[in-house]
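Residues per chain are reported as follows:
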Amino acid sequence: MLPLQSKTLLPETIANLLGLSGTVGQIVGGLIGAFIIANLLLVQTAVAGPWAKRKITAAFTDRIAVNRVGPFGLVVIVADAVRLLSKELVIPEDVDRPAYDLGPMMIPFSALLGFAVIPMGNGIHLADPETGIVFAFAASSIASLGLVMMGYGSNNKYSLLGGLRAIASNIAYEIPLVVTGASVIIFTGTLQMSQIVAQQTEPLLSIAGVTIPQWFAFVNPFAFVLFVIANLAEVGRNPFDVPEAPTEIVAGYQTEYSSVYFVLIYLGEFIHIFLGGAIAATLFLGGPAGPFLPGFVWFTIKIWGFYLFTQWARSAVPRLRIDQFLDIGWKGMLVLSFANLVLTAIIVGVIA
């Protein structure tokens, strides 16, 4: 295993710039660092949701997307924000207010929390605990609680069905997701994000003078494919968008939400897509590593690549039935993920 690289984390850099030290420096640096990272993600999400999603879907379906408001239609981001936030917040009768109110807040919160341990390159790394990958998976799972609260608290049968489907989805595909991620841990021998990225900077082989890095997507492409498929189900994109299923259960768990609560749900959905791409990039694509360009640029390219893949799936792949969806998760993905884990352990054991 490579020695731990002594790179300064973002809160330490901020504290040094402000001339602060000790506990005060850690707290102030951490808060400012979290604010910077959250805003970087929120800006990208604002572009991805109201604008890029429409443009990409239009390109796939041979239509014209937003192009009237501002250059390339970009000002539609502001127009949509004003439109949605200015709508009346309609609260149905007999809802469970604590659950109804807290549910939409937990979805973006859980996704932003997961980014706390993701190394983004160029010193943009908020925290690097020894159990970093476990923290990222655990933080993203908090969204499941929010979905249940929304489905139960809305006092609506379609919402309840959507919440139950969301839980069934998360259990069926989160286990294969984590087990497949564990196969990378067997290779690296560590749960620390910086160590996982560092080990992928080693050369795998050279072809005609071109050095191919030891990205785990190259070392174990089968695990990478499994992880991407399970990730697609986790973020609820076709063919796995069963919890929302607009043609079946209206809008699932978000049926009774409008105005600012709808914005929070929509925002959380896209941040989770970026978090899924960030975890996949960290485990399999070398994190922020790449030639010529700065690390943060490479990291952004990789998470946007995953976002584009989810939008392609949304436009091109039909939704599965709920029974097909669960069969693939429990009878297919789960078996394959454990087979990959055992095979990886055997190979590493033989090599060791």
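Parameters at a glance
- Residues numbered from 1 in each chain as written.
- Predicted model: local features only at pLDDT ≥ 70, side-chain atom pairs only at ≥ 80, totals over all residues.
- Heavy atoms only, no water.
- Helix = DSSP H or I, 4+ residues; strand = E, 2+ residues; numbered from the N terminus.
- Expected span 1.5 Å × (residues − 1).
- Contact = heavy atoms within 4.5 Å.
- Axes fitted to C-alpha atoms, helices over the stretch in contact; angles between N-to-C directions.
- Parallel < 35°, antiparallel > 145°, perpendicular 65-115°, else oblique.
- Left-handed = near helix turned anticlockwise from the far one by under 90°.
- Buried < 20%, exposed > 50% of the residue type's maximum accessible area, 1.4 Å probe, protein only.
- Pairing = 2+ DSSP bridges.
- Salt bridge = Lys/Arg side-chain N within 4 Å of Asp/Glu carboxyl O.
- Core = buried A, V, L, I, M, F, W, Y, C linked by side-chain atoms within 4.5 Å.
- 1 Å grid on protein atoms, 1.4 Å probe; cavity = no way out; pocket = protein on both sides within 12 Å on 5 of 7 lines; lining within 4 Å.
- Points joined across faces, edges and corners; volume = space filled by probe spheres on them.
- Nonpolar A, V, L, I, M, F, W, Y, C, P; charged D, E, K, R; others polar.
- Bend = angle between axes of the 7 residues up to and from the residue.
- Phe/Tyr/Trp six-rings, centres within 6.5 Å; stacked < 30°, edge-to-face > 60°.

Asker: Please clarify how unusual backbone geometry should be interpreted in this entry.
Answerer: Peptide bonds are mostly trans, and most non-glycine residues show a negative phi. Phi at N122 takes a positive value of approximately 55 degrees, unusual for a residue other than glycine. If you check the backbone angles, N155 has positive phi at about 55 degrees while not being a glycine.

Asker: Sorry if this is basic, but what is going on with helix α9 (residues 221-234) here?
Answerer: Every α-helix carries 3.6 residues per turn, so stepping three or four residues along brings you back to the same face. Under the 1.5 Å per step criterion, the end-to-end length of α9 is 20 Å for 14 residues, consistent within 8% with the ideal 20 Å. The inward-facing, buried residues of α9 abut α5 (132-153), α6 (157-188), α11 (259-284), α12 (295-316) and α13 (322-351). A positive phi of about 75 degrees marks G236, the residue just after α9.

Asker: Quick question: what am I supposed to make of the packing of helix α2 (residues 22-60) against α12 here?
Answerer: To describe two helices that pack against each other, one gives the angle between their axes and the distance between the axes. In the contact formed by α2 and α12, the axes pass within 10 Å of each other and the chain directions differ by 40 degrees. In terms of axis orientation, α2 runs oblique to α12. When you trace α2 past α12, the crossing you get is right-handed. In contact with L40, Q44, V47, A48, A52, K53, I56, T57 and F60 of α2, α12 contributes F296, T300, I303, W304, Y307, L308, Q311, W312, R314 and S315.

Asker: What am I meant to see in the pairing of strand β1 (residues 203-207) here?
Answerer: Each regular strand displays side chains that alternate between the two surfaces of the sheet. The element β1 is largely exposed, with a buried count of zero among its five residues. In this sheet, strand β2 (residues 210-213) lies alongside β1 in antiparallel orientation, the contact comprising four bridges. From the neighbouring strand, I207 faces β2, where its bridge partner is V210. Between the antiparallel neighbours β1 and β2 lie two residues, among them A208 with a positive phi of about 55 degrees.

Asker: How should I be thinking about the pattern of salt bridges in this particular structure?
Answerer: Where charged atoms of side chains with opposite charge meet at close range, the side chains can pair. Scanning the model with the defined rule gives five salt bridges in all. Where D101 meets R97, a salt bridge forms, and the shortest distance between an N and an O atom there is 3.1 Å. Taken together, the residues D101 and R97, both in helix α4 (residues 97-114) and four residues apart, mark about one turn of the helix. The exposure class assigned to D101 is buried, which follows from its relative accessible area of 16%.

Asker: How do you make sense of the nonpolar core when you look at a structure like this?
Answerer: As a rule of thumb, soluble globular proteins bury nonpolar side chains together. Core analysis: the largest hydrophobic core is formed by 59 residues, its most contacted members being F115, I118, F227, I279, L283, F284 and Y307. Here this core gets ten residues from one element, more than from any other, and that element is α11.

Asker: What is the right way to look at the side chain of T344 in this model?
Answerer: Mapped onto the elements of the fold, T344 is located in helix α13. Setting aside its immediate chain neighbours within four residues, T344 contacts S183, I186, F187 and N220.

Asker: I would appreciate a short explanation of empty space enclosed by the protein in the present structure.
Answerer: Over the atoms, a rolling probe the size of a water molecule traces out where space has been left empty. This structure, assessed with the given rule, holds one cavity of 30 Å³ or more. Empty space within the largest cavity amounts to approximately 430 Å³. Among the elements of the structure, α5, α6, α9 and α11 are those that each provide at least two residues to the lining of the largest cavity. The element that contributes the greatest number of residues to the lining of the largest cavity is α11, accounting for seven residues. Taken together, the residues that form the lining of the largest cavity break down as 15 nonpolar, ten polar and five charged.

Asker: Looking at this model, I keep getting lost on α2. Mind explaining?
Answerer: Its 39 residues place the ends of α2 53 Å apart at the C-alpha level, agreeing with the 57 Å of an ideal helix rising 1.5 Å per residue. In α2, a bend of some 50 degrees at A52 exceeds every other bend along the element. Phi turns positive, to about 60 degrees, at D62, one or two residues after α2.

Asker: Just checking my understanding: could you explain the packing of aromatic side chains for this structure?
Answerer: Given two aromatic rings, one states the distance between the centres and the angle between the planes to describe the pair. Throughout the structure, instances matching the rule amount to 16 aromatic pairs. Centroid distance F224 to F284: 5.6 Å. Interplanar angle 55 degrees. Geometry classified as tilted. In this pair, F224 sits in helix α9 while F284 sits in helix α11, placing the two residues 60 residues apart along the sequence. Every member of this aromatic cluster is reached through a ring pair, and the members are F262, Y266, F270, F274, W304 and Y307.

Asker: Just checking my understanding: could you explain the packing of α9 against α13 for this structure?
Answerer: Interhelical geometry of α9 versus α13 gives an angle of 145 degrees and a closest axis separation of 10 Å. In this structure, the crossing between α9 and α13 has a hand that is left-handed. Taking contact as the criterion, the partners of F222, A223, L226, I229 and A230 in α9 are, on α13, M333, L336, S337 and N340. Here the residues of the contact of α9 with α13 sort into seven nonpolar, two polar and no charged.

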